[in-house]
Amino acid sequence: MNTGIVYDPVFLKHEQPGHPETAKRLESILAGLKEKGLLEKVKQIKSRQAETKEITLCHSNDYVEFVKDFCQKGGGYLDPDTYSNKFSFLAAATSVGSAIDLTKSVIIGNLKNGFALLRPPGHHALSNRSMGFCLFGNIAIATKNALTQSGINKVAVVDFDVHHGNGTQALIGDDPNILFISTHQYPFYPGTGGIREIGEGNAEGTVVNIPLPAKVGDVEFQLIFENVIIPSLEKFSPDLILVSAGYDAHWDDPLADLNLSLAGYDWISRKLNQSAEKICSGKIVFFLEGGYNLQVLSSGVANSIRALLGIEDSEDPLGRISHQEPNIERIIKELISIHKL
Ligand SMILES: [Zn+2]
């Protein structure tokens, strides 16, 4: 069985000169996959624009209509961080439709696993407004839709973007059949994601926030995965794992201050893939979120796709940054206690 990807040329038309969330991000990923011979090893599925009723699995109808209308009129800034142009609604709706279809292909067994190369990203988008470069919650909607498919009763979402996946948490964190785990620099944009935000009511305990101080890197991430994330996944035992893959926790990313290397990211991708093999017959789909250093994106996504393909090689042309990693033993202990791991 194959590893699938999905992508649409309209993703490159959502663009604003000078903005860090640029079409060059995806261009550099695609050029890298081609140059490294990885495009020929994956199966590219057809992209598709989502129907409104799919987007409203997580967003209000008024908001969807507003974005559509605003973009048709030429677009502009939807909020202080999030731009749009006349192609942005189509790009965002196509991201959602493509996310749904790639996930479905993995669920029904047409593909082993996959990576959705989406723009705009989605994990900050809220029910009735855009936020943090995100228009619609791609991964949240794909999760909701996955739960309507036969054989999928529980889904885990792991978000390793440097920013808290506040949108994903707001859109699906109240569902006891969804485990949401986020690692993020904290305190930092968007300000949410404290260790005590664990879900409410019958979803209490299904939100695992892992707030990290600046400078945390490969060694500490390994401890977090081995002591918190993997045990949480094994305890929840999902039928499918979805990943918000943001490459902005890299030490050379211009927007944030965590210190993962590409080798560290590679280890994380392989660890998640191994967990999926163990827990849910390898059913795992990555969704592109942030990452603003073009070389990191190109190598980072290539490594993640190699992990999905089961190719052992990986690349880290930037190397590690030498620094003292902060001690996060207290945070790990607290997480083990709160989540009874
Ligand atoms: Zn981010």
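Above: the structure in question.
Residues numbered from 1 in each chain as written. Predicted model: local features only at pLDDT ≥ 70, side-chain atom pairs only at ≥ 80, totals over all residues. Heavy atoms only, no water.

1. Here we look at the pattern of salt bridges
For step 1, the next point in the chain: In the structure shown here, the tally under the stated rule is 16 salt bridges.
For step 2, the next point in the chain: One salt bridge connects Arg48 with Glu54, and the closest N-O pair in it is separated by 3.0 Å.
For step 3, the next point in the chain: In this structure Arg48 comes out as partly exposed when scored by relative accessible area, which is 24%.
For step 4, the next point in the chain: Judged by its relative accessible area of 13%, Glu54 is buried.
For step 5, the next point in the chain: For Glu334, the salt bridge is made with Arg330, and the minimal N-O distance between the two is 3.1 Å. Taken as a pair, Glu334 and Arg330 lie in helix α10 (residues 329-338) at a separation of four residues, close to a single helical turn.
For step 6, the next point in the chain: Linked through salt bridges whose partners overlap, the residues forming this network are Glu21, Arg25 and Arg119. (Salt bridge = Lys/Arg side-chain N within 4 Å of Asp/Glu carboxyl O. Buried < 20%, exposed > 50% of the residue type's maximum accessible area, 1.4 Å probe, protein only. Helix = DSSP H or I, 4+ residues; strand = E, 2+ residues; numbered from the N terminus.)

2. Some remarks on the packing of helix α8 (residues 262-280) against helix α9 (residues 294-309)
Two measures define how a pair of helices packs: the angle their axes make with one another and the distance between the axes.
For step 1, the next point in the chain: Running from N to C, α8 and α9 cross one another at 30 degrees; their axes reach a closest spacing of 9 Å. Judged by the inter-axis angle, α8 sits roughly parallel to α9. Crossing of α8 against α9: the hand is right-handed. Contact with α8, carried on its side by Leu262, Asp266, Ser269, Arg270 and Asn273, involves Val296, Ser299, Gly300, Asn303, Ser304, Arg306, Ala307 and Leu308 of α9 and no other residues of that element.
For step 2, the next point in the chain: Across the contact of α8 with α9, the residue classes tally to four nonpolar, six polar and three charged. (Axes fitted to C-alpha atoms, helices over the stretch in contact; angles between N-to-C directions. Parallel < 35°, antiparallel > 145°, perpendicular 65-115°, else oblique. Left-handed = near helix turned anticlockwise from the far one by under 90°. Contact = heavy atoms within 4.5 Å. Nonpolar A, V, L, I, M, F, W, Y, C, P; charged D, E, K, R; others polar.)

3. Section: the coordination of the zinc ion
For step 1, the next point in the chain: Coordination of the zinc ion by the protein is provided by Asp161 (OD), Asp161 (OD), His163 (ND1) and Asp248 (OD), with metal-donor distances spanning 2.0 to 2.7 Å.
For step 2, the next point in the chain: For the zinc ion, the four donor atoms in the first shell make angles of 52 to 152 degrees at the metal, a pattern classed as irregular.
For step 3, the next point in the chain: In primary sequence terms, the donor set of the zinc ion follows D-x1-H-x84-D. With Asp161 in the loop between β6 (155-159) and α6 (166-172) and Asp248 in the loop between β9 (240-245) and α8, this pair connects stretches of sequence that are 87 residues apart. An identical accessibility class is assigned to Asp161 and Asp248; each is buried. (Donors = N, O, S within 2.8 Å, 3.2 Å for Na, K, Ca; no water. Tetrahedral: all angles 85-135°; square planar, octahedral: opposite > 155°, others 65-115°.)

4. A short note on α9
For step 1, the next point in the chain: End to end, α9 covers 22 Å across 16 residues, agreeing with the expected 22 Å (1.5 Å per residue, within 8%).
For step 2, the next point in the chain: Where burial is concerned, most of α9 is hidden: 13 out of the 16 residues are buried.
For step 3, the next point in the chain: You can read the cap of α9 off the contacts: a side-chain oxygen lies 2.9 Å from the backbone nitrogen of Gln295, and it is on Asn293.
For step 4, the next point in the chain: Gly310, located one to two residues past α9, shows a positive phi value of around 80 degrees. (Expected span 1.5 Å × (residues − 1). Polar contact = N/O pair within 3.5 Å; in protein donor to acceptor, adjacent residues only side chain to side chain.)

5. Structural notes on the nonpolar core
For step 1, the next point in the chain: Within the largest apolar cluster, 103 residues are counted, with the highest numbers of intra-cluster contacts made by Phe115, Leu117, Phe136, Leu233 and Tyr247.
For step 2, the next point in the chain: Ranked by the residues each element gives to this core, the list is headed by helix α4 (residues 88-107), at ten residues. (Core = buried A, V, L, I, M, F, W, Y, C linked by side-chain atoms within 4.5 Å.)

6. Notes on the environment of Leu240
For step 1, the next point in the chain: On the secondary structure map, Leu240 appears in strand β9.
For step 2, the next point in the chain: A residue is classified by how much of its surface remains accessible, and Leu240, at 0% relative accessible area, is buried.
For step 3, the next point in the chain: Put simply, Leu240 and Gln169 are 71 residues apart on the chain and 17 Å apart in space, counted from C-alpha to C-alpha.
For step 4, the next point in the chain: If we skip the residues at most four places from it in the chain, Leu240 touches Thr103, Ile107, Ala146, Ile152, Lys154, Val155, Ala156, Cys280 and Lys283.

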